[in-house]
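# Structural features, examined
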Amino acid sequence: MLVIDDEPSIRKLAERELVSERRLITTASSASEALSLIEQQDFDVIILDIRLPDADGMDLLVRFRETLPDVEVVIITGYGTIESAIAAMKVGAYDYITKPFQLEHLELIVEKAYERVSLKRENRILSRALVEAPIPRLVGTSRGIQQVMEMIRKVATWDVPVLITGESGTGKDVVARTIHALSKRSEKPLIVKNCGEIQKDLIRSELFGHVKGAFTGADQTREGLLGIADRGTLFLDEIGELPEDVQAALLRFLENRCYRRVGDPHERRADVRLIFATHRDLKKEVEAGRFHEALYYRINVFHIHIPPLRERREDIPLLVEHFLTRLSPPGTRYRITDDVLGYLINYNWPGNVRELRNVIERAIILAENELLTPKTLPMEITSGQPASHLPMSSLKLSEMEKYLIQKALSIHRGNKRKAAQSLGISRKTLYRKMKTYGLLKREGSITTVS
Ligand SMILES: Nc1ncnc2c1ncn2[C@@H]1O[C@H](COP(=O)(O)OP(=O)(O)OP(=O)(O)O)[C@@H](O)[C@H]1O
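Here the structure is a predicted model, which is why all the values come from computation and not from measurement. (Residues numbered from 1 in each chain as written. Predicted model: local features only at pLDDT ≥ 70, side-chain atom pairs only at ≥ 80, totals over all residues. Heavy atoms only, no water.)

Before going further, it helps to spend a moment on the sheet that holds strand β4 (residues 72-77). Spatially, five strands are ordered β2-β1-β3-β4-β5 in an open sheet, and the strand pairing comes out parallel. One side of each edge strand has no neighbouring strand; the edge strands of this open sheet are β2 (26-28) and β5 (95-98). With strand direction ignored, the average angle separating the axes of adjacent strands in the sheet is 20°. Bridge count for β4 against β5 is four bridges, and the pairing is parallel. Across the sheet, residue V74 finds its bridge partner in β5, namely D95. Packed on one face of the sheet, helix α2 (residues 31-40) meets β1 (2-4), β2 and β3 (45-49) and runs near 145° to β2. (Pairing = 2+ DSSP bridges. Helix = DSSP H or I, 4+ residues; strand = E, 2+ residues; numbered from the N terminus. Axes fitted to C-alpha atoms, helices over the stretch in contact; angles between N-to-C directions. Contact = heavy atoms within 4.5 Å.)

Okay, structure coming up:
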């Protein structure tokens with residue numbers, strides 16, 4: 001924020017009282033000083049005394065309106081010059097305040113002006129299409145997913161950085177969106193950026209912004225993602241792809257919320273919650289000298305790991321149901337046969353939930369009579385060995401029995417009659433064994449196999 005006033009007491013008051021976590025205050029005592037500051041740095045809000053020693057504040061305001069369309073200008077006028085305040089509003093000032101004023105009154109106006117700046121910024125972000133669709137639901141009842149949900153609920157309302165890890169397609173993006181949606185910042189923008197998709201030499205400028213002339217091709221000053229995400233959340237995917245110098249700058253930002261745009265000698269502040277994701281093992285990257293150690297420790301404080309789908313196969317029936325509902329064309333209701341579910345549960349899912357989603361989408365297209373049969377599945381799934389995931393490391397009879405019961409329940413989506421039938425035992429025996437193996441914790445929540 002820039003405060004232009006020739007009265008030292010007003011400048012001092014602003015410097016002392018209006019500074020905040022999110023705001024740096026710069027002051028100027030004359031129009032010429034203000035203009036040279038504006039040449040060098042960007043401001044969100046300008047407070048302008050209409051009477052200045054070297055220029056008419058009105059002329060300055062007109063100039064600001066033409067050259068700084070995104071900045072909100074608040075006018076300070078002397079007592080009895082209300083007409084000039086009204087004239088200033090007509091030219092495009094955001095608001096005015098008359099001297100002498102109460103500090104609270106000024107604070108309120110400044111807050112509102114900032115609110116307006118961030119609203120404008122959000123509209124711009126929407127037009128840059130960085131914010132995507134609403135959050136998808138995190139589906140799953142496995143212990144792994146339940147733990148992830150629990151962690152999300154705990155961390156969402158805190159402003160701490162979060163690191164999400166997991167193989168590609170496990171749902172890191174869904175988790176990040178859920179954290180933002182449950183946070184205090186949910187009304188503010190969530191900016192999502194995959195660092196792996198940005199050209200290496202442009203990453204710094206993309207994140208922190210740059211000033212005009214900072215490098216060849218920088219013909220305009222441009223706001224970085226941190227500035228755009230101010231008061232919201234920035235989700236950086238594939239953080240392992242960041243160059244070393246950018247990692248260091250990011251660490252600085254995490255420590256004091258200050259950053260510098262490329263080519264800008266001045267510090268800026270932004271109030272941004274950061275969420276990171278990677279499919280790499282960052283600890284190994286640190287050991288190999290490819291990832292900044294201090295940054296790793298700073299972001300690893302709250303770490304959410306999403307297990308691969310093959311380690312939580314009991315989520316597959318629910319996920320299948322979820323995608324069938326989501327992907328069936330309106331007015332249709334696609335179903336799957338039991339053997340299709342069996343194949344899906346047994347497959348290894350190297351592409352995790354994303355692959356499952358794609359398989360269901362493809363099968364819906366190939367299905368006849370709204371029924372997904374094995375013919376609608378890709379070869380690599382139907383050629384799989386149905387029993388390939390037996391826990392062969394353990395050959396204890398009881399463990400094998402428990403495993404087979406869980407498997408049968410998974411395949412038959414918890415239907416005890418069908419599970420018992422496929423195991424060749426009575427329903428009563430199945431029930432008794434489920435009790436023995438602790439598979440009947442709560443009615444309706446059956447622990448199935450992974
Ligand atoms: N638990 C889940 N419940 C519902 N949908 C899910 C779940 N996990 C993942 N998905 C869906 O699977 C797809 C892939 O998820 P997402 O993009 O979040 O994975 P990712 O881990 O971020 O992948 P990458 O590392 O490749 O970016 C998306 O369509 C997402 O909606």
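A few words now on the sheet that holds strand β7 (residues 190-194). With parallel pairing, five strands are arranged side by side in an open sheet as β7-β10-β13-β6-β14. Of all the strands in the sheet, just β7 and β14 (303-305) have a single pairing partner and so form its edges. On average, each strand axis in the sheet is tilted by 15° relative to the strand beside it, whichever way the strands run. Here β7 runs beside strand β10 (residues 233-237); their pairing, made up of five bridges, is parallel. Within the sheet, the bridge partner assigned to L190 lies in β10 and is T233. Running at roughly 155° to β14, helix α6 (residues 143-155) makes contact with β6 (162-165), β13 (273-278) and β14 of the sheet.

Cross-referencing UniProt, the feature "domain: Sigma-54 factor interaction" (unreviewed entry) maps to residues 138-365 in the present numbering. Here residues 138-365 runs as 42% helix and 15% strand, with 24 Å between its end C-alpha atoms. (UniProt positions renumbered as here; feature names shortened; annotations may be inferred.)

A word on unusual backbone geometry. Cis geometry is adopted by the peptide bond preceding P100, which originates at K99 and carries an omega value of -10°. Along the chain, P100 falls in the loop between β5 and α5 (103-128). One non-glycine residue with positive phi stands out, namely W349, at about 50°. Inspection of the secondary structure puts W349 in the loop between α14 (338-346) and α15 (352-366).

Next up on the list: empty space enclosed by the protein. As enumerated under the stated definition, the model contains one cavity of 30 Å³ or more in all. Here the largest cavity is characterised by a volume of approximately 50 Å³. Forming the walls of the largest cavity are R22, D44, Y114, V117, S118, R121, D230 and R231. (1 Å grid on protein atoms, 1.4 Å probe; cavity = no way out; pocket = protein on both sides within 12 Å on 5 of 7 lines; lining within 4 Å. Points joined across faces, edges and corners; volume = space filled by probe spheres on them.)

Okay, the pairing of β7 next. Counting buried positions over the five residues of β7 gives five, a clear majority of the element. Residues L190, V192 and N194 line one face of β7 and the alternating positions I191 and K193 line the opposite face, and both faces are buried. (Buried < 20%, exposed > 50% of the residue type's maximum accessible area, 1.4 Å probe, protein only.)

Within helix α1 (residues 8-17), the full set of buried residues consists of I10, R11 and A14. For α1, the angular spread of buried residues about the axis comes to 100°, placing them on one side. Turned more than 90 degrees away from the buried face of α1, the exposed residues are K12 and R16. Those residues of α1 that are buried are in contact with β1, β2 and β4. (Arc of directions from axis to C-beta.)

Residues L234, F276 and I299 are the most contacted members of the largest nonpolar core, which totals 32 residues. Counting residues per element, the ones that place at least two in this core are α8 (203-208), α9 (225-228), β10, α10 (244-256), β13, α11 (282-287) and α12 (293-299). Per element, the largest residue contribution to this core is six residues, and it comes from α10. Those residues in contact with F276 that lie beyond four places of it in its chain are P161, V162, L163, I164, F235, L236, I239, L250, L254 and I299. With 26 residues, the next largest nonpolar core counts V139, L309, V340 and I360 among its residues. (Core = buried A, V, L, I, M, F, W, Y, C linked by side-chain atoms within 4.5 Å.)

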